[in-house]
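# An overview of the molecular structure
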Amino acid sequence: MEDLKERLLPTKPASVINPRDVIGLKKHGQGLRSWIRVDAATGESEVIEVDKNTMMRRCDLPARDLRLLDPLFVYPSTILGREKAIVVNLEQIRCIITSDEVLLLNSLDSYVLQYVVELQRRLKAAGNDDVWQSESSDFSRRKGGRSFRGAFGCISPDYLPFEFKALEVALEAACTFLDAQAAELEIEAYPLLDELTSKISTSNLERARRLKSRLVALTRRVQKVRDEIEQLMDDDGDMAEMYLTEKKRKMESSFYGGDQSLAGHRSTDGIQSISAPISPVSSPPNARRLDRNLSLARSRHESPKSSESAAEKIDELEMLLEAYFIVADSTLNKLTSLKEYIDDTEDFINIQLDNVRNQLIQFELVLTTATFVVAMFGVVAGIFGMNFQIPLFKDPSAFEWVLVITGISGAILFSSFLWFFKYKRLMPL
């Protein structure tokens, strides 16, 4: 990993880019960006610096698609299938996938470097499997049998087109990153919530508030990835648009099957030969528009049988997307379960607080009643403290009788209040 990081992210000498030149380029909207290019044929990676207009011509993309990859802005997860490229913006992975290469924004993020390493590993493994498959097909042809792929009707991921391999690695990196964050959040959340149910404090409530904010943000991101995959699976046209290798092969076959005299005239005039690959940089916009119109006309007049075969072809991509849709949905279910646990904890805390509040209200009610009963002694003392003479003052046992009668009256009144509270179910007694 460190060797790849040093190779992909070399230190630039001061003489390469002048800061004044960079400022001037940014003013004209032509700032260079560092990209990591992974070749589809060899799997080798290199760092290139390309400006925005060159990238638009190279991948035949509009400017709004390149804005989705701008690291200075935060855009939701998006997968767009275009005429000659697939624009992928999944968490840290922001790349452009074509039939010949992957252009990945150069970054110090470990997930970006892991994406490059994993893609190279799969391309090399696919190359070895292709050699094994060619040998096994020759052997089965000599034996008159069928290959494993034809016998079982399944397609191994190693035989997917290059663009689907690159897309699969991007989906795997995004789903792994989100699932790791969800697992980390679970490890932190459950002990905190269990502690919060037994000890309600300001610090624990503040930690729970921050935890819930992170949970809501992560749930929104996972939901966006899941919805993006689901929307792509529901649209057969978008999935068919993402078969870049197939479209390139059809374009080359139609180009090879064209007028041979025109091809010979082009080769003799020193223009691009037939064997050279068609590049969106070299082809003018009118020619690309003509190719789109011709392909659209052919697709409109194709037979139902060809449409059924096209529907069968998108099954490869649909199965690939369905696998990672299940992963994203599983991560979303984890976060949903955690959110429900947080909501249950909040309800439990609210019930506890309501119970304490009810107990305080009941205590206050009893205390108020007792205060009212005790106030009767003050009323009696105030009455007998007035400046007047009555025969009762001369009786030696009058004081005791006044205290006994007042106490008994207060006790009867207090008991009456308690019975009334129980009758009205104001407090459990």
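In the block above lies the structure referred to throughout.
In short, a report on the structure. (Residues numbered from 1 in each chain as written. Predicted model: local features only at pLDDT ≥ 70, side-chain atom pairs only at ≥ 80, totals over all residues. Heavy atoms only, no water.)

What follows is about the packing of aromatic side chains. For the structure on display, the rule yields eight aromatic pairs. Here Tyr 190 and Tyr 341 contribute two aromatic rings whose centre-to-centre distance is 5.0 Å and whose plane-to-plane angle is 65°, an arrangement assigned as edge-to-face. Of this pair, Tyr 190 sits in helix H7 (residues 162–198) while Tyr 341 is found in helix H13 (residues 304–384), placing the two residues 151 residues apart along the sequence. Among the residues examined, Tyr 190 registers a relative accessible area of 26% and is labelled partly exposed. Among the residues examined, Tyr 341 registers a relative accessible area of 32% and is labelled partly exposed. Of the aromatic side chains, those joined through ring pairs into one cluster are Phe 372, Phe 417, Phe 420 and Phe 421. (Phe/Tyr/Trp six-rings, centres within 6.5 Å; stacked < 30°, edge-to-face > 60°. Helix = DSSP H or I, 4+ residues; strand = E, 2+ residues; numbered from the N terminus. Buried < 20%, exposed > 50% of the residue type's maximum accessible area, 1.4 Å probe, protein only.)

In this section: helix H3 (residues 52–59). One side-chain oxygen of the residue at the start of H3 lies 3.2 Å from the amide nitrogen of Asn 53, identifying that residue as Asp 51. The positive-phi residue at the C-terminal boundary of H3 is Asp 60, with phi of around 55°. (Polar contact = N/O pair within 3.5 Å; in protein donor to acceptor, adjacent residues only side chain to side chain.)

Below, the discussion takes up the pairing of strand S5 (residues 93–97). The element S5 is largely enclosed, with a buried count of five among its five residues. Summarising the sheet, strand S4 (residues 86–90) and S5 pair through five bridges and their orientation is antiparallel. Along S5, the bridge assignment pairs Asn 89 with Arg 94. Between S4 and S5, which pair antiparallel in sequence order, lie two residues; one of them, Glu 91, sits at a positive phi of approximately 55°. Relative to strand S6 (residues 101–105), S5 runs antiparallel, the two being bridged by three bridges. (Pairing = 2+ DSSP bridges.)

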